[in-house]
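Commentary on secondary and tertiary structure
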Amino acid sequence: MSPVLPPLRQSIFPNIPPFINYLPIPDEKQGFRIPPAQVTPPVDLHDQLWRVCAAVKQLGDDLYKFENIGQKFRFDKTYPFRKKPGQEELFKGSHGGVSLTPFPSLHLLSKKDELWRNIQNMRDKENKVDMWLSKVEEMVDTGDDFWDFLPDTLILPDEWERFLSLLSCSSAKVFWIIKPSCLNRGMGIRVINKESDIADLRDLQTSVCVQKYLLSPYLLASQLKFDLRLYVLVTSWDPICIFIYKDGLVRFCSEKYNSSPDNVDEMCCHITNPEVNKTRGRYINNRDPNSCKGHKWRLRCFWDALKKEGVHEKTIKKTWEKIEDIVIKTLLSADSN
């Protein structure tokens, strides 16, 4: 008889909510199937959090070994929701009592084209409110840039003619970034200008997002472009409850940034995804999680590096507050649909 576990366990720290009891994961190396543990159902099934045990196990293993997270062959082997036949049934059989149901309409956040439509919809609503307020009150400051954290986006093939017109009117020094709506790990991303070959974008079968490329990104002394990878947990939607992990990842390009039109095709100085930069053989793994070495750092190490380069701590705090603000607005934009 498998053990019976309560669905939640209390934290040993004050003012910290209880934790979910994670269920055992079959270990292929042991050569046998671990019987699923039984979990007593919570009083309200709505409170049962969506749990991804196998993915959490893989994440822990990678962090322990200081290896790069996101290697496709390892990720696909353990992540239980890759939409492959039989995977959902296999996961249920090994993890009794685990709910597999994610939040409804999760694609509104995960797909780039849907995300842009959400933000655009919120901008339209804000404009209508501004017009109403201007008639009712005088001198009302509604903050015109409230929803302007995402750059204007064109969605191909629907807006092909408009994109072609903008591209033809721009100079070769103006770059555009192309992102497939449904892909990840840098697949299909490229940077172009008016001299690039874009014939393949005319008759697309899947959605692609186009944005004007930011030619003057903030750079550290290394002159490598970077981005931030942050982790957000939503435990409830109504009422909404959001947690953000204070530490994260900072991913660097493997070649120095260069905005010359001659370098428009050099993806390793424009795109930060490790999968893209590893293709040129210059990518350096960071074996020490507390160091600022290699092309992937911890976020807390990045903040320290900024301070050493003269960035004031107040500026860093303000940046983090803006990040939290963007997270909240992004989630709320999906709720509007």
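**Some remarks on the overall build of the chain**
When its secondary structure is counted, the chain shows nine helices and 13 strands. Here the chain holds 337 residues, and 36% of them are scored as buried. For the chain, the proportion of contacts with a sequence separation of at least 24, taken over those separated by at least 6, is 62%.

**Observations concerning helix α6 (residues 160-169)**
Residues of α6 that are buried: Trp160, Phe163 and Leu167. For α6, the angular spread of buried residues about the axis comes to 65°, placing them on one side. Along α6, exposed side chains directed more than 90 degrees from the buried face belong to Glu161, Arg162 and Cys169. Turning to α6, the residues buried within the fold contact β5 (153-156), β6 (176-180), β7 (190-192) and β8 (208-212).

**Focus: the sheet that holds strand β13 (residues 296-298)**
In spatial order, the strands read β9-β12-β13; together these three strands make up an open sheet with antiparallel pairing. Unpaired on one side and paired on the other, β9 (226-229) and β13 mark the two borders of the sheet. The average angle at which neighbouring strand axes cross in this sheet is 25°, direction not considered. With four bridges joining them, β9 and strand β12 (residues 249-252) adopt antiparallel strand pairing. Across the sheet, residue aspartate 227 finds its bridge partner in β12, namely arginine 251. Running over the sheet, helix α8 (residues 299-308) touches β9, β12 and β13 and is turned about 90° from β13.

**Quick look at the packing of α8 against helix α9 (residues 313-335)**
Running from amino to carboxyl end, α8 crosses α9 at an angle of 145°, the nearest separation of the two axes being 9 Å. The two elements α8 and α9 cross, and the hand of that crossing is right-handed. Contact with α8, carried on its side by Leu299, Trp303, Leu306 and Lys307, involves Glu313, Ile316, Thr319 and Trp320 of α9 and no other residues of that element. Here the residues of the contact of α8 with α9 are counted per class, giving five nonpolar, one polar and two charged.

**Some words on the sheet that holds β6**
Reading across from one edge, β5-β8-β6-β7 is the order of the four strands in this open sheet, with antiparallel pairing throughout. Two strands bound the open sheet, and with one partner strand each, they are β5 and β7. Adjacent strand axes in the sheet meet at a mean angle of 30° when their direction is disregarded. Of the pairings in the sheet, the one linking β5 to β8 comprises four bridges and is antiparallel in character. Bridge pairing in β8 places leucine 154 opposite valine 210.

**Digging into the environment of arginine 298**
Within the element layout of this structure, arginine 298 appears in strand β13. Look at arginine 298 and you get partly exposed, because its relative accessible area is 22%. Along the chain, arginine 298 and arginine 229 lie 69 residues apart, while their C-alpha atoms are 9.5 Å from each other. When residues no more than four places from it in sequence are discounted, the contact partners of arginine 298 are Asp247, Gly248, Val250, Pro289 and Asn290. Separated by 2.8 Å, the side chains of arginine 298 and aspartate 247 make a polar contact.

**Looking at α8**
Because an α-helix completes one turn every 3.6 residues, residues spaced three or four positions apart along the sequence face the same direction. Listing the buried residues of α8 in full gives Leu299, Cys301, Phe302, Trp303, Ala305 and Leu306. Downstream of α8 by a residue or two, glycine 310 has a phi angle that is positive, lying close to 100°.

**What to know about the pattern of salt bridges**
Any two side chains of opposite charge can pair, given that their charged atoms come close. Applying the stated rule across the entire model yields 11 salt bridges. Arginine 298 is the salt-bridge partner of aspartate 247, the closest N and O atoms lying 2.8 Å from each other. Placement of the pair is aspartate 247 in the loop between β11 (240-244) and β12 and arginine 298 in strand β13, with a sequence separation of 51 residues. The exposure class of aspartate 247 is buried, given its relative accessible area of 4%. Members of the salt-bridge network, linked through shared partners, are Asp113, Glu114 and Arg117.

Analysis parameters
Residues numbered from 1 in each chain as written. Predicted model: local features only at pLDDT ≥ 70, side-chain atom pairs only at ≥ 80, totals over all residues. Heavy atoms only, no water. Helix = DSSP H or I, 4+ residues; strand = E, 2+ residues; numbered from the N terminus. Buried < 20%, exposed > 50% of the residue type's maximum accessible area, 1.4 Å probe, protein only. Contact = heavy atoms within 4.5 Å. Arc of directions from axis to C-beta. Pairing = 2+ DSSP bridges. Axes fitted to C-alpha atoms, helices over the stretch in contact; angles between N-to-C directions. Left-handed = near helix turned anticlockwise from the far one by under 90°. Nonpolar A, V, L, I, M, F, W, Y, C, P; charged D, E, K, R; others polar. Polar contact = N/O pair within 3.5 Å; in protein donor to acceptor, adjacent residues only side chain to side chain. Salt bridge = Lys/Arg side-chain N within 4 Å of Asp/Glu carboxyl O.

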